[in-house]
Amino acid sequence: MAGIEAERERLRGEYLTQERAGSTARGLHHVAVLCADVETTIRFYQGVLGFPLTEIVGNRDYEGSSHFFFDIGNGNLLAFFDFPGLELGPYAEVLGGLHHMAISMEAERWSEVKGRLDEAGIEYLEESGTSIYFRDPDGTRVELISDPLGEMYGLSVL
């Protein structure tokens, strides 16, 4: 463990600067995730989590596939694709793949959504009183965190 922490300290010293330059990005436009069924996904993300559906369009890369978007606040979107007929199989966490999506919520909204997860019988793991981890209908791991953007468990990460 001492070697791991020493490496973190080296990386902090080399790459974290007091005078951090502004990012070239202006925000996260969208993250695109695969789903098996459009309507099931809409019912979950809009109905249970409270993320409004904003648009459904055709996927330009695959005829018959839909590309649809949910508002996750601050001009950011969560997007999904379905690929009917391709039988992609269930979601799997793999090295180099998506581990989870952490989405920030005001504490009051976080409590409301936690209640809706309970009502829907969706199992979750609560961590530190500010995060809940669960899987969506396709198995993708989602975290809802009530810490402010740029903070995590009392640590400033931005």
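Conventions adopted
Residues numbered from 1 in each chain as written. Predicted model: local features only at pLDDT ≥ 70, side-chain atom pairs only at ≥ 80, totals over all residues. Heavy atoms only, no water. Helix = DSSP H or I, 4+ residues; strand = E, 2+ residues; numbered from the N terminus. Buried < 20%, exposed > 50% of the residue type's maximum accessible area, 1.4 Å probe, protein only. Polar contact = N/O pair within 3.5 Å; in protein donor to acceptor, adjacent residues only side chain to side chain. Phe/Tyr/Trp six-rings, centres within 6.5 Å; stacked < 30°, edge-to-face > 60°. Pairing = 2+ DSSP bridges. Axes fitted to C-alpha atoms, helices over the stretch in contact; angles between N-to-C directions. Contact = heavy atoms within 4.5 Å.

## Description of unusual backbone geometry
Then, in step 1: A positive phi is found at Asn74, a non-glycine position, where the angle reads about 55 degrees.
Then, in step 2: When you line up the elements, Asn74 lands in the loop between β3 (66-71) and β4 (77-82).
Then, in step 3: With a phi close to 55 degrees, Tyr153 is a non-glycine residue in the positive phi region.
Then, in step 4: Relative to the helices and strands, Tyr153 is located in the loop between β9 (151-152) and β10 (155-156).

## Quick look at the environment of Tyr15
Then, in step 1: The residue Tyr15 is located in helix α1 (residues 2-15) in this model.
Then, in step 2: The exposure class of Tyr15 is exposed, given its relative accessible area of 58%.
Then, in step 3: Sequence spacing of Tyr15 and Ser111 is 96 residues, and the spatial spacing of their C-alpha atoms is 37 Å.

## Brief notes about helix α2 (residues 38-48)
Then, in step 1: Looking only at α2, the buried set comprises Val38, Thr41, Ile42, Phe44, Tyr45 and Val48.
Then, in step 2: Where α2 begins, the capping side chain belongs to Asp37, and its oxygen is found 3.3 Å from the backbone nitrogen of Glu39.
Then, in step 3: The positive-phi residue at the C-terminal boundary of α2 is Gly50, with phi of around 85 degrees.

## Description of the packing of aromatic side chains
Then, in step 1: For the structure shown, the criterion picks out 10 aromatic pairs.
Then, in step 2: Judged by centre distance (5.1 Å) and plane angle (80 degrees), the rings of Phe44 and Tyr45 are edge-to-face.
Then, in step 3: Judged by its relative accessible area of 6%, Phe44 is buried.
Then, in step 4: Overall, the relative accessible area of 0% leaves Tyr45 in the buried class.
Then, in step 5: Aromatic pair Phe70 and Phe80: ring centres 5.9 Å apart, planes at 85 degrees, arrangement edge-to-face. Placement of the pair is Phe70 in strand β3 and Phe80 in strand β4, with a sequence separation of 10 residues.
Then, in step 6: On the basis of relative accessible area, Phe80 is assigned to the buried category, the value being 0%.
Then, in step 7: Through successive ring pairs, a cluster of aromatic residues spans Phe44, Tyr45, Phe51, Phe68, Phe70, Phe80 and Phe134.

## Remarks on the sheet that holds β4
Then, in step 1: What the 4 strands build is an open sheet, ordered β1-β4-β3-β2; its pairing is mixed. In this open sheet, the two edge strands, each paired with only one partner strand, are β1 (30-35) and β2 (53-58). Adjacent strand axes in the sheet meet at a mean angle of 20 degrees when their direction is disregarded.
Then, in step 2: Examined bridge by bridge, β2 and β3 share 5 bridges and lie antiparallel to one another. From the neighbouring strand, Val57 faces β3, where its bridge partner is His67.
Then, in step 3: In the packing of α2 onto the sheet, contacts are made with β1, β2, β3 and β4, and the angle to β3 comes to roughly 5 degrees.

Shape is all these values report; function is a separate question.
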